[in-house]
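# A structural walkthrough
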Amino acid sequence: MDIKILHIDSNNAILMRQLQELGFENHEDFTSSKEEIEAKIQSYQGIVIRSRFKIDKTFLDKATNLQFIARVGAGLESIDCDYAISKNITLIAAPEGNRNAVAEHTLGMILSLFNNLNKADREIRSGHWNRGSNRGHELDGKTVGIIGYGNMGKSFAKKLRGFEVDVLCYDILENVGDANAKQVSLEELQQKSDVLSLHIPWTPETNKMVDATFINAFAKPFWAFNTSRGNNIVTADLVAAMSAGKVLGAGLDVLEYEKLSFETLFQDKNTPEAFQYLLKAENVILSPHVAGWTFESHERLAQVIVDKIKAKYFGEDKIAVDEKRVTGIGGLFFKSKNAKELVAWYGKHLGLKTDDHGSTFWWKDSKGNDCSTQWSPFAEDTTYFEPSEKQFMQNFRVHNLENLLLELQAEGVTIVGEMESYDYGKFGWILDPEGNKIELWEPIDYIFK
Ligand SMILES: NC(=O)c1ccc[n+]([C@@H]2O[C@H](COP(=O)([O-])OP(=O)(O)OC[C@H]3O[C@@H](n4cnc5c(N)ncnc54)[C@H](O)[C@@H]3O)[C@@H](O)[C@H]2O)c1
């Protein structure tokens, strides 16, 4: 195999070692400038990055042989994704690798702040035994509002399962709520929440999203936590709300003032006033963009990246079970002359447990999760299988449909229509080379059990 990969950031050693073992040629360059890397990038088929610099149009135009960009992290915001996809470059990220870390860190910040752990610890170390001023708050009975219900948001909500809290989520995508969080409008979240946790990407819409107007729309004073991106909060407005008692406390793993590379804090030498306030405030807990940065995630991120690169070049048999594109058969749908009678016949003679739509078979995957497969006759004149000429359509269960559709698009597979979201999961459609429509389903099984 003649695939050369350029690594421009240091990562866990397993990344390089395993790629080497798979036969990829790996080169490291952790120090050259963006321009110097641009001058040689045409010799590479792959690049592995963390956050050293932006992969923009100029860079991509020089990367004439690039087949993939792998980011050892959760998001791809440092990459011009649309332009990369238009050049058939596969984009690989590893949110599976650090979502648990972010969830635990967020919970840790909440519990530390609620119980004054950092403050009390500092006080005792300096000889003060203050019990009255260190009385804590409990999460029990509170409402936690999560904004951005993707990898990190979902993982955080899962961690809250053992607490007696109401968990709400708000997301621009419809039907992303699950058993761990009820999806509501932003207004409802602002009406009910005692704790706000941000898990949104940094986009033009989320940039400075949490400002004075946003904060004032909360009905009650609340605690605010941000492990997403610093620029999603206007720190000066947050600080003003803290002074006014509207924000009761804040846990910030990310700051407006950190550089895009996350490696240093300040854009300039002056310490902004709002930041000086945060540094002095007792009801603030800060960490240096490390929510997703545990020993475990360091390795897991690298492993996810290797698995995904391996999957790209070696196909199904080498893909780790978690990363399989198709995880099971979600349904078999076929045209019939009289669907109602057919369903009744299968119920009577083959004992299928039927309803108006057919029959649902329940099974467990290798991790013991409940899964279902649907068997359904459709009307003879159904248009649901179009443009397929076949009388039947397969539905496959998949992981992370959104990413998969991006990858399939990059591989030149025909996508039919737009992805759609319902209570029971997300749906997308593709064509096989014979023009048969295939339904892809990222399921939420418990909804219709
Ligand atoms: N602090 C850390 O160490 C750390 C580690 C990992 C991820 N992150 C950050 O966490 C954030 C979430 O990452 P993820 O992997 O869960 O992303 P994701 O794409 O899986 O989920 C983000 C969710 O936010 C939603 N969203 C986008 N714009 C929105 C808007 N305007 N309003 C409401 N919802 C919106 C999306 O629809 C999506 O469901 C990102 O900013 C990422 O960079 C930080």
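These numbers were taken from a predicted model, which means no experiment stands behind them.

## Observations regarding the domain arrangement of the chain
Once the domains are mapped, the chain shows domain 1 (4–93 + 296–315), domain 2 (99–286) and domain 3 (320–448). Between the C-alpha centres of domain 1 and domain 2 there is a distance of 32 Å. Looking at the side of domain 1 that touches domain 2, its residues break down into one nonpolar, four polar and three charged.

## Considering the site of the ligand
In the region of the ligand, 33 residues are neighbours, and Gly148, Gly150, Met152, Ala291 and Gly292 sit closest. Those elements that provide at least two residues to the shell around the ligand are helix 5 (95–114) and helix 7 (151–159). When grouped by side-chain class, the residues that make up the shell around the ligand number 16 nonpolar, 13 polar and four charged.

## Observations concerning unusual backbone geometry
Here the amide bond leading from Glu386 into Pro387 is cis, since omega sits at 10°, within 30 degrees of zero. Considering the arrangement of structural elements, one finds Pro387 in the loop between strand 16 (370–379) and strand 17 (392–398). Of note in this structure, Asn88 is not a glycine but carries a positive phi near 65°. Position of Asn88 among the secondary structure elements: in the loop between helix 4 (81–86) and strand 5 (90–92).

## Quick word on helix 1 (residues 13–21)
Of the positions making up helix 1, those classed as buried are Leu15, Met16 and Leu19. Down the axis of helix 1, the buried set is contained in an arc of 90°. They therefore lie on one face. Pointing more than 90 degrees away from the buried face of helix 1 are the exposed residues Ala13 and Glu21. If you follow the buried residues of helix 1, they end up packed against strand 1 (4–7), strand 2 (25–28) and helix 12 (295–314). Gly23 sits one or two positions beyond helix 1 and adopts a positive phi of about 100°.

## Some words on the packing of helix 1 against helix 12
Orientation of helix 1 relative to helix 12, taken along the N-to-C sense of each, is 25°, at an axis distance of 8 Å. On the basis of their axis angle, the class for helix 1 and helix 12 is roughly parallel. The crossing of helix 1 and helix 12 is right-handed. Between helix 1, through Ile14, Leu15, Gln18 and Leu19, and helix 12, the contact on the second element is made entirely by Glu299, Ala302, Gln303, Ile305, Val306 and Ile309. Partitioned by chemical class, the residues of the contact of helix 1 with helix 12 number seven nonpolar, two polar and one charged.

## Points about the packing of helix 5 against helix 12
At a minimum axis distance of 7 Å, the contact between helix 5 and helix 12 shows a crossing angle of 160°. Classified by the angle between their axes, helix 5 and helix 12 sit roughly antiparallel to one another. Regarding helix 5 and helix 12, the two cross each other, and that crossing is right-handed. Packed against helix 5, whose contacting residues are Glu96, Gly97, Asn98 and Ala101, the element helix 12 presents Glu296, Ser297, Arg300, Leu301 and Val304 at the interface.

## Points about the pairing of strand 6 (residues 143–147)
With four of five residues buried, strand 6 lies mostly within the body of the structure. With five bridges connecting them, strand 6 and strand 7 (residues 166–170) associate as parallel partners. Counterpart to Ile146 in the pairing with strand 7 is Cys169. In this view, the connection linking strand 6 to its parallel neighbour strand 7 by way of helix 7 has right-handed handedness.

## Here's the deal with the sheet that holds strand 6
The seven strands are arranged 8-7-6-9-10-11-12 in an open sheet whose pairing can be described as parallel. Among the strands making up the open sheet, the edge pair consists of strand 8 (182–183) and strand 12 (284–286).

So, how was this worked out
- Residues numbered from 1 in each chain as written.
- Predicted model: local features only at pLDDT ≥ 70, side-chain atom pairs only at ≥ 80, totals over all residues.
- Domains from an automatic or database assignment.
- Nonpolar A, V, L, I, M, F, W, Y, C, P; charged D, E, K, R; others polar.
- Near = placed C-beta within 6 Å.
- Helix = DSSP H or I, 4+ residues; strand = E, 2+ residues; numbered from the N terminus.
- Buried ≥ 20, exposed ≤ 12 C-beta atoms within 10 Å, placed from the backbone.
- Arc of directions from axis to C-beta.
- Contact = placed C-beta atoms within 7 Å.
- Axes fitted to C-alpha atoms, helices over the stretch in contact; angles between N-to-C directions.
- Parallel < 35°, antiparallel > 145°, perpendicular 65-115°, else oblique.
- Left-handed = near helix turned anticlockwise from the far one by under 90°.
- Pairing = 2+ DSSP bridges.
- Right-handed = clockwise from strand over helix to strand, strands pointing away.

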